[in-house]
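Below, each chain spelled out in residue letters.
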Amino acid sequence: MSNYLNPTTSITTERNCKNFIDQTELLVKLNLRIKTLDHNIMVSRPHQFGKTFATKMICSYYSKAKDSSEEFDKLKVAADQNYRKHLNQYNVIFFNIDREFCNDSHDVEKMIKTITSSIKVELKEAYPESSFDDGSYLSHCLEDVYQKTGIPFIIVIDDYDYMIRKNEISAVNASLYLNWLTSLLKDQSYVALSYVTGILPIDNLRVSCGLNMFDEYTMTSGIEMAPYFGLTEEFVKTLCLKHQADYQNLKKWYGGYTIDGDYQIFNPISVFDALEYDSFSDHWTSRNPHLHDRNLINMDIPGLRDALQRLVEGETVYISMANHCYKMEEFKTVNEVLTRLIHLGYLSANDCNYWKKIAYIPNEEVKREFKRTLNEKRDETSIVKLVNSSFELLNYISSLKTKSVENLLNNRKSNDSSLKSTSIDEVAYNILEALYVGTYDNYALQTNLEGSSDYKDLVFIPKLELEKPFIIIGIMCDVSPEIALEHLEQLNYRKKLDISIGEILLVGISYDQTNQSYQCKIERIILCE
């Protein structure tokens, strides 16, 4: 089975869901773009707004791997005159950058090599008559297959900006990655259609690259694609009739997003959860990771808190859309923070004129998240203490000072009653929050690689260009730290992460739920070639 070339994807599972939305008219739009000058499409939307489902649908419809007519014959796309013309007629290349980057230990060069070599192998297996060799560029391999078969490629890339928006790579590595995408997609005769998704628009990235050929559809512009990502007003009204729900209340809580200043969309996850559980509450915001977003909101930037407070009070704020910042300290202006919050789905915006937009909080769910964050006691002194203690904790771990680690975690808990934990998840979250600022710029975080109700692991992977140790933390409750460390050793992260050289710090942390205290044990492993 192929992982990249014509993967055997299906939308059958989604079709069987009671809340399935037939958005296959997106395929009708895409059919009109195939082999035209407008065949490069980029869609940016917040997390859980339907981007990944669209990529599955595209792969299943176009891929020649199997006959998918049974999946689509009864959907809206089947009424289009070009339905059969494009059904299962193309070689499809698909990859998800989130998955690929994590699988390759957050190493951009390694990720590119893995994707390239894997696609070459699958091409050779599918087309043994092809003449390219192992040293050929991927674009040359695709062109060779296209010339010999006459079958063009549809290339689908999901979550293209994962490591960029997570600030897990430098601007240099971002350029390396984006230039690789340029060589793969731009001005290539073998590309019938390229379809790329992410959260940040390409034109938001502050880096020089050649990806200037895309028609971009974002949270602020591109009404043509708006009906297929998020829920439309018409669909939500139909849902309300079906569930006997109050449409105006749903709109107040989960609507309010506008595209091109006119087209309204709703948050899909929150609408479905609200109807399923008959609860107007925090559904989407409770599923999203908040540490990075809260740090953005709490940044000490002149005018930011005032602007956010005005937004919470129902006012609007004029902004000019700004470029991407690669590190937390690069955010210097209100525009930069508010622009990021728009792309993340925490704000929406209407056009004011060519240069400016009017930003506002779209709905009650997001407003509650802003209120919670702004009401946290984050005065200047407490922020400085938070930053300093985070770097101190990282230094204590690196220096194997177990008692200092224990004292800092216990003192932190004593000074903030909200940090008293009642579950392994809360313990892990508190340790992650304590380390977050200190590791943000130099480490990539992986959580839940291993975990259960009895233990949790946090894995901090040093960014490629930095000579830092791997930090792997195993967390357990009501056992000795030695047992937590022994359990961590048994999981053999050295093999899981393919670590062959460098330094590994294994940190066993136990939390006594009766005494509400931490204990720690640290082991250093040095690996040489």
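For clarity, every value in this text was computed on a predicted model and none was experimentally measured.

1. Points about the overall build of the protein chain
Part 1 of the argument: Per the secondary structure count, the protein chain includes 23 helices and 16 strands.
Part 2 of the argument: Computed over its C-alpha atoms, the radius of gyration of the protein chain comes to 25 Å, within 12% of the 24 Å expected for a compact globule of 529 residues.
Part 3 of the argument: Projected onto the principal axes, the alpha-carbon positions of the protein chain cover approximately 70 × 60 × 45 Å.
Part 4 of the argument: By the burial criterion, 56% of the 529 residues in the protein chain qualify as buried.
Part 5 of the argument: Considering only residue pairs separated by 6 or more positions, the protein chain has 70% of its internal contacts joining residues 24 or more positions apart.

2. Looking at the packing of aromatic side chains
Part 1 of the argument: Inspection of every chain in the model, using the stated rule, returns 18 aromatic pairs.
Part 2 of the argument: Taking 4.7 Å as the distance between ring centres and 70° as the angle between the ring planes, the aromatic pair formed by Tyr61 and Tyr62 counts as edge-to-face. Each member of the pair, Tyr61 together with Tyr62, is buried.
Part 3 of the argument: Measuring from ring centre to ring centre gives 6.4 Å for Trp253 and Phe280, while their planes differ by 45°; the resulting arrangement is tilted. With Trp253 in helix H12 (residues 247–254) and Phe280 in the loop between helix H13 (268–277) and helix H14 (284–287), the pair connects residues that are 27 residues apart, well separated along the chain.
Part 4 of the argument: Given a relative accessible area of 30%, Phe280 falls into the partly exposed group.
Part 5 of the argument: Taken together through their ring pairs, the aromatic side chains of Phe49, Tyr257, Trp284, Tyr346 and Phe370 make up a single cluster.
Part 6 of the argument: Lying across the ring of Phe132, Lys124 places its NZ or CZ 4.6 Å from the centre.
Part 7 of the argument: Here the basic side chain of Lys237 rests over the ring of Tyr247, its NZ or CZ set 5.3 Å away from the ring centre.

3. Overview of the sheet that holds strand E5 (residues 215–217)
Part 1 of the argument: One open sheet holds the five strands; their spatial order is E2-E3-E4-E1-E5, and the pairing between them is parallel. Two strands in the sheet have a free side with no partner beyond their single neighbour: strand E2 (91–96) and E5. Neighbour to neighbour, the strand axes of the sheet diverge by 10° on average, direction disregarded.
Part 2 of the argument: Across three bridges, strand E1 (residues 40–44) lies against E5 in parallel orientation.

4. Digging into the sheet that holds strand E9 (residues 317–319)
Part 1 of the argument: Spatially, three strands are ordered E9-E11-E10 in an open sheet, and the strand pairing comes out antiparallel. The sheet is open, and its two borders are formed by E9 and strand E10 (348–351), each paired with just one other strand. Mean inter-strand twist for the sheet, computed between neighbouring axes without regard to direction, equals 35°.
Part 2 of the argument: Along the sheet, helix H17 (residues 334–344) makes contact with E9, E10 and strand E11 (357–360), crossing E9 at roughly 100°.

5. Quick notes on helix H7 (residues 108–126)
Part 1 of the argument: When the terminal C-alpha atoms of H7 are compared, their 27 Å separation across 19 residues agrees well with the 27 Å that a helix rising 1.5 Å per residue should span.
Part 2 of the argument: Among the structural elements, E2, helix H6 (97–103), helix H8 (138–149), strand E3 (153–158), helix H9 (162–165) and helix H10 (171–185) are those in contact with the buried residues of H7.
Part 3 of the argument: The opening residue of H7, the one whose side-chain oxygen lies 3.1 Å from the backbone nitrogen of Glu109, is Asp107.

6. A closer look at the confidence of the model for the protein chain
Part 1 of the argument: Looking at the protein chain as a whole, its pLDDT mean stands at 87, while 91% of the residues score no less than 70.
Part 2 of the argument: Here strand E12 (residues 443–451) is the element of the protein chain with the lowest mean pLDDT, 66, and E3 is the one with the highest, 98.

7. Details of the pattern of salt bridges
Part 1 of the argument: Within the structure shown, the criterion is met by 19 salt bridges.
Part 2 of the argument: A salt bridge links Lys56 to Glu14, with the shortest nitrogen-to-oxygen separation between them at 2.7 Å. Of this pair, Lys56 sits in helix H3 (residues 51–62) while Glu14 sits in helix H1 (residues 12–15), and the two are 42 residues apart along the sequence.
Part 3 of the argument: Overall, Lys56 belongs to the partly exposed group, its relative accessible area being 26%.
Part 4 of the argument: Linking Glu315 and Arg310 is a salt bridge whose minimum nitrogen-to-oxygen distance equals 3.5 Å.
Part 5 of the argument: A cluster of three or more residues bridged by salt bridges with shared partners is formed by Asp282, Arg368, Glu369 and Arg372.

8. Topic: the side chain of Ser348
Part 1 of the argument: Mapped onto the fold, Ser348 is located in strand E10.
Part 2 of the argument: One polar contact links the side chain of Ser348 to the main-chain amide nitrogen of Thr258, over a distance of 3.2 Å.
Part 3 of the argument: Apart from the residues within four sequence positions on either side, Ser348 is in contact with Gly256, Tyr257, Thr258, Ile342, Ile358, Ala359, Tyr360 and Pro362.

9. A few points about the state of the cysteines
Part 1 of the argument: Within this structure, the stated rule accounts for zero disulfides.
Part 2 of the argument: Of the cysteine sulfurs around Cys240, a residue in no disulfide, the closest is that of Cys17, at 20 Å.
Part 3 of the argument: On the basis of relative accessibility, which here comes to 4%, the residue Cys240 falls in the buried class.

10. A few points about unusual backbone geometry
In most cases, non-glycine residues show a negative phi, while peptide bonds are predominantly trans.
Part 1 of the argument: Located in the positive-phi region is Asp159, a residue other than glycine, with phi close to 60°.
Part 2 of the argument: For Asp159, a relative accessible area of 11% gives the class buried.
Part 3 of the argument: A positive phi angle, close to 55°, is found at Gln244, a residue other than glycine.
Part 4 of the argument: Note that Gln244 resides in the loop between helix H11 (233–243) and H12.

11. Structural notes on H8
Part 1 of the argument: Its 12 residues place the ends of H8 17 Å apart at the C-alpha level, agreeing with the 16 Å of an ideal helix rising 1.5 Å per residue.
Part 2 of the argument: Summarising the contacts, the buried residues of H8 are in contact with E2, H7, E3 and H10.
Part 3 of the argument: Gly150 lies just past H8 and shows a positive phi near 75°.

12. Quick word on the packing of H7 against H10
When two helices pack together, you describe them by how their axes are tilted relative to each other and by the distance separating the axes.
Part 1 of the argument: In contact at an axis separation of 10 Å, H7 and H10 are set at 15° when each is read in the N-to-C sense. Classified by the angle between their axes, H7 and H10 sit roughly parallel to one another. In the packing of H7 onto H10, the handedness of the crossing is left-handed. Residues Val108, Glu109, Met111, Ile112, Ile115 and Thr116 of H7 form the contact with H10, whose participating residues are Asn173, Leu176, Tyr177 and Trp180.

Conventions we followed
- Residues numbered from 1 in each chain as written.
- Predicted model: local features only at pLDDT ≥ 70, side-chain atom pairs only at ≥ 80, totals over all residues.
- Heavy atoms only, no water.
- Helix = DSSP H or I, 4+ residues; strand = E, 2+ residues; numbered from the N terminus.
- Rg over C-alpha atoms; globule rule 2.2 N^0.38 Å.
- Buried < 20%, exposed > 50% of the residue type's maximum accessible area, 1.4 Å probe, protein only.
- Contact = heavy atoms within 4.5 Å.
- Phe/Tyr/Trp six-rings, centres within 6.5 Å; stacked < 30°, edge-to-face > 60°.
- Lys NZ or Arg CZ within 6 Å of the ring centre and 35° of its normal.
- Pairing = 2+ DSSP bridges.
- Axes fitted to C-alpha atoms, helices over the stretch in contact; angles between N-to-C directions.
- Expected span 1.5 Å × (residues − 1).
- Polar contact = N/O pair within 3.5 Å; in protein donor to acceptor, adjacent residues only side chain to side chain.
- pLDDT = per-residue confidence, 0-100.
- Salt bridge = Lys/Arg side-chain N within 4 Å of Asp/Glu carboxyl O.
- Disulfide = S-S within 2.5 Å.
- Parallel < 35°, antiparallel > 145°, perpendicular 65-115°, else oblique.
- Left-handed = near helix turned anticlockwise from the far one by under 90°.

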